[in-house]
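Structure at a glance
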Amino acid sequence: MKHFTAALLLCGSTILGATAQNIIITDKDGVTHKFNADYVKEITFEKIQSQGDAVNLEITSVDVNPYSLTNIELMLLAENGDKLDLDLYQPSTMWLTQGNYVVGGSDSHTIDAGYSSAVIGGEKKDVKSGSLDVKLDGEVYTFTADFVVGEDVNVKGSFTGKLPKFGPTANFDLTGVAYVEVNDPAPNGFYYRFNDENWKIEMRIDLFSEGNEPKAGTYTFSESTDNGCAGSYVNLYSPYNDTSKFKEGTLMIEEGDNTVIKINGVLENGLPMTASFSGQLPARTAE
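Keep in mind that what you see is a predicted model, and the values were worked out from it rather than measured.

1. Comments concerning unusual backbone geometry
Going from Ser238 to Pro239, the amide bond is cis rather than trans, its omega being 0°. On the secondary structure map, Pro239 appears in the loop between strand S17 (229-236) and strand S18 (242-244). The residue Asp184 is not glycine, and still its phi comes out positive at about 50°. Inspection of the secondary structure puts Asp184 in the loop between strand S13 (170-179) and strand S14 (189-196). Notably, Trp199 is not glycine yet its phi reads approximately 55°, a positive angle. With respect to the secondary-structure elements, Trp199 resides in the loop between S14 and strand S15 (201-208).

And the structure:
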């Protein structure tokens, strides 16, 4: 490399006086390159990024926007405003699956460069090549990014943590509740419809308890109407577009200034789910 640089500097200092001469450059591998000086107007040096100059993206958070079960926007964000915005494709699964996502790859885990980008130092850059390795341990993801963006800038970064949504467990904060009229209600039945703020979920919960309101305690999801049992009918909207019910799990009622409900179970479609509600349950409609 020193030989190569010295040769270029010598050429740059003598080129104006060179006539009917050749410029000979020997590269680092010992290969010579010959140029006729009559056809060279000027020699300039362009700084290129070496591997040691790779941009290390200090990822502090992630955001996810699932368009469908197969197409997900994943953003890896740094506090200084740098980010990778990646358009991922995966097999149809109800959460972001682990695998090696490759730009322009031909297997089941790919990244569409046309809808992906990077922001480095306040400048938006195209994603040209590279990959995102995704590992999953329970609910904790590890992302390892290695991309070439813009003018051949190498961007690396890693992050470990849970996804705010579209992880292996669906978590919902329920904000709305209404009492539901049903045909032939059980004498010990209480019937409610819950939803979250953005209507990503709507579900009916049937509680079976003696008394004029559901007693505090733990209810088990089942087909039974015995006291202490619960039924369900769950509408999962975007991006799941599915209807299911709990095949197993529990619902806990805690009483205080507000009634607190905590749900933890697994739906028949295989998706683990938690949900919580805090507020006043509407009274049972008079028969």
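So much for the structure itself; the text now carries on.
2. Some details on the pattern of salt bridges
Counted under the stated rule, the structure contains ten salt bridges. Here Asp146 and Lys156 are joined by a salt bridge, their closest N and O atoms 3.0 Å apart. Here Asp146, found in strand S11 (residues 140-149), pairs with Lys156, found in strand S12 (residues 153-161); they are ten residues apart in sequence, far enough to count as distant. The partly exposed category is assigned to Asp146, whose relative accessible area is 33%.

3. As for the environment of Ser224
As for its placement among the helices and strands, Ser224 is situated in the loop between strand S16 (217-221) and S17. A C-alpha to C-alpha distance of 8.8 Å links Ser224 and Phe208, two positions 16 residues apart in sequence. Residue contacts for Ser224: discarding those within four places in its chain leaves Phe208 and Cys229. There is a polar contact of 3.0 Å between the side chain of Ser224 and the backbone nitrogen of Asp226.

4. Some points on the side chain of Ser117
Relative to the helices and strands, Ser117 is located in strand S9 (residues 117-120). Those residues in contact with Ser117, other than ones at most four positions away along the chain, are Lys83, Leu84, Asp85, Lys124, Lys125 and Val127.

5. Observations regarding the side chain of Gln90
Examined against the element boundaries, Gln90 turns out to sit in the loop between strand S6 (83-89) and strand S7 (99-103). We classify Gln90 as buried; its relative accessible area is 5%. A polar side-chain atom of Gln90 sits 2.8 Å from the main-chain amide nitrogen of Thr97.

Definitions and limits used
Residues numbered from 1 in each chain as written. Predicted model: local features only at pLDDT ≥ 70, side-chain atom pairs only at ≥ 80, totals over all residues. Heavy atoms only, no water. Helix = DSSP H or I, 4+ residues; strand = E, 2+ residues; numbered from the N terminus. Salt bridge = Lys/Arg side-chain N within 4 Å of Asp/Glu carboxyl O. Buried < 20%, exposed > 50% of the residue type's maximum accessible area, 1.4 Å probe, protein only. Contact = heavy atoms within 4.5 Å. Polar contact = N/O pair within 3.5 Å; in protein donor to acceptor, adjacent residues only side chain to side chain.

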